[in-house]
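One letter stands for each residue in the lines below.
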Amino acid sequence: MNLSENTVLITGGASGIGLALAKRFQQAGSQVIVCGRRADKLREAQREVPGLLTRVCDVAQPAEREELLRWVQQEHPQLNVLVNNAGIQRRLQVADEEPWEVRQQEIAINLDAPIHLCSLFVRHLQQQPRAAIINVTSGLAFTPMAIAPVYCATKAALHSFTQSLRYQLQDTAVEVLEIVPPAVNTDLGGAGLHTFGADVNEFADSVMARLANGEQEVGFGTSEVRRLASRSELDAAMEAMNARFS
Ligand SMILES: NC(=O)c1ccc[n+]([C@@H]2O[C@H](COP(=O)([O-])OP(=O)(O)OC[C@H]3O[C@@H](n4cnc5c(N)ncnc54)[C@H](OP(=O)(O)O)[C@@H]3O)[C@@H](O)[C@H]2O)c1
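Residues numbered from 1 in each chain as written. Predicted model: local features only at pLDDT ≥ 70, side-chain atom pairs only at ≥ 80, totals over all residues. Heavy atoms only, no water.

**Student:** Would you mind showing me how to read the sheet that holds strand β6 (residues 174-179) here?
**Tutor:** Within a sheet, neighbouring strands are paired by backbone hydrogen bonds and run either parallel or antiparallel to one another. Strand order in the open sheet formed by seven strands is β3-β2-β1-β4-β5-β6-β7, with parallel pairing between adjacent strands. The sheet terminates laterally at β3 (53-56) and β7 (217-218), the two strands that pair on one side only. The sheet contact formed by strand β4 (residues 81-84) and strand β5 (residues 131-136) spans four bridges and is parallel. What sits directly across from Leu-82, in β5, is Ile-133. (Pairing = 2+ DSSP bridges. Helix = DSSP H or I, 4+ residues; strand = E, 2+ residues; numbered from the N terminus.)

Now the structure itself:
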């Protein structure tokens, strides 16, 4: 994809991977809007990246997703790139009791939101001369980590949805791209849980260079191996990873 002269909306773009992508889109000459729930985190991102536009939005709420589209169409009608990046990761035992509303949040943020936002934004994007939808999944879409079972299920489903969407839009001006991160050192799941991961800047540099080269599905390190692995290689990788985390 062309990284310059876009107007890009990145959900969850005030921190971690989303912020790293925001900086690079802006450096390449695109206008970037990031959204998230925490106004203070959005202001912090704006101080770090002058020129960044921000919007408070909880993508878990269907009405807020609809309002986001209305706001974009009114204030930034030239928007041509949607990056579905917002996500949370919860470690849980399926057998533990907790209210369904608590457990369902992860599905609402990681899966309902990107599917609904794609559904809402696609007609707007189809009216642009060139456009892209970029979904952020995970290496865990390919090899589930049993300590985060709902998270892994949402990412596997989003990978599948992304493939179908790409097929449906193949004859349009809307490119459908997927970023497949491995463990990256961010605050995902809570501060201090991903300190073992790849450096977020090295990851983002590599991903953006490959998107610019026209690749549609981009991993990094272990997630690049996983997304291309055979079933027997995936089974072995899942065994090894879960033995480490159990
Ligand atoms: N880090 C990794 O190891 C890793 C690996 C594979 C995939 N990923 C994926 O990469 C994406 C970015 O995660 P990250 O690692 O950069 O973690 P992060 O720093 O925690 O970023 C997640 C962002 O999502 C936003 N967010 C969460 N719930 C939201 C909601 N309901 N509405 C709007 N925004 C929301 C958060 O902001 P607020 O809390 O202010 O809303 C935050 O800015 C996620 O989809 C994650 O699953 C990460």
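**Student:** I'm lost on empty space enclosed by the protein in this one. Help?
**Tutor:** Where empty space is left can be seen by rolling a probe of water-molecule size over the atoms. In this structure the tally under the stated criterion is one cavity of 30 Å³ or more. Here the largest cavity defines a volume of roughly 30 Å³. What lines the largest cavity is simply Thr-11, Val-59, Asn-84, Asn-85, Ala-86, Ile-109, Ala-113, Pro-114 and Leu-117. The element best represented in the lining of the largest cavity is helix α4 (residues 100-126), accounting for four residues. (1 Å grid on protein atoms, 1.4 Å probe; cavity = no way out; pocket = protein on both sides within 12 Å on 5 of 7 lines; lining within 4 Å. Points joined across faces, edges and corners; volume = space filled by probe spheres on them.)

**Student:** Even after reading the chapter, I still don't get unusual backbone geometry, so can you show me in this structure?
**Tutor:** Leaving glycine out, the prevailing phi sign among residues is negative, and the prevailing peptide bond configuration is trans. Residue Glu-5 is not a glycine yet carries a positive backbone phi of 55°. Considering the arrangement of structural elements, one finds Glu-5 in the segment before β1 (7-11). Classification of Glu-5 by relative accessible area gives exposed; the value is 68%. (Buried < 20%, exposed > 50% of the residue type's maximum accessible area, 1.4 Å probe, protein only.)

**Student:** Is there a simple way to explain the pattern of salt bridges in this structure?
**Tutor:** Should their charged atoms come close, side chains of opposite charge can pair. According to the stated counting rule, one finds twelve salt bridges in the structure shown. For the salt bridge of Glu-67 with Arg-55, the shortest nitrogen-to-oxygen distance reads 3.8 Å. One end of the pair, Glu-67, is in helix α3 (residues 62-75); the other, Arg-55, is in strand β3, and twelve residues separate them in sequence. Glu-67 gets classed as partly exposed once you look at its relative accessible area, which sits at 32%. Look at Arg-55 and you get partly exposed, because its relative accessible area is 25%. (Salt bridge = Lys/Arg side-chain N within 4 Å of Asp/Glu carboxyl O.)

The quantities given are spatial measurements derived from coordinates; they are silent on function.
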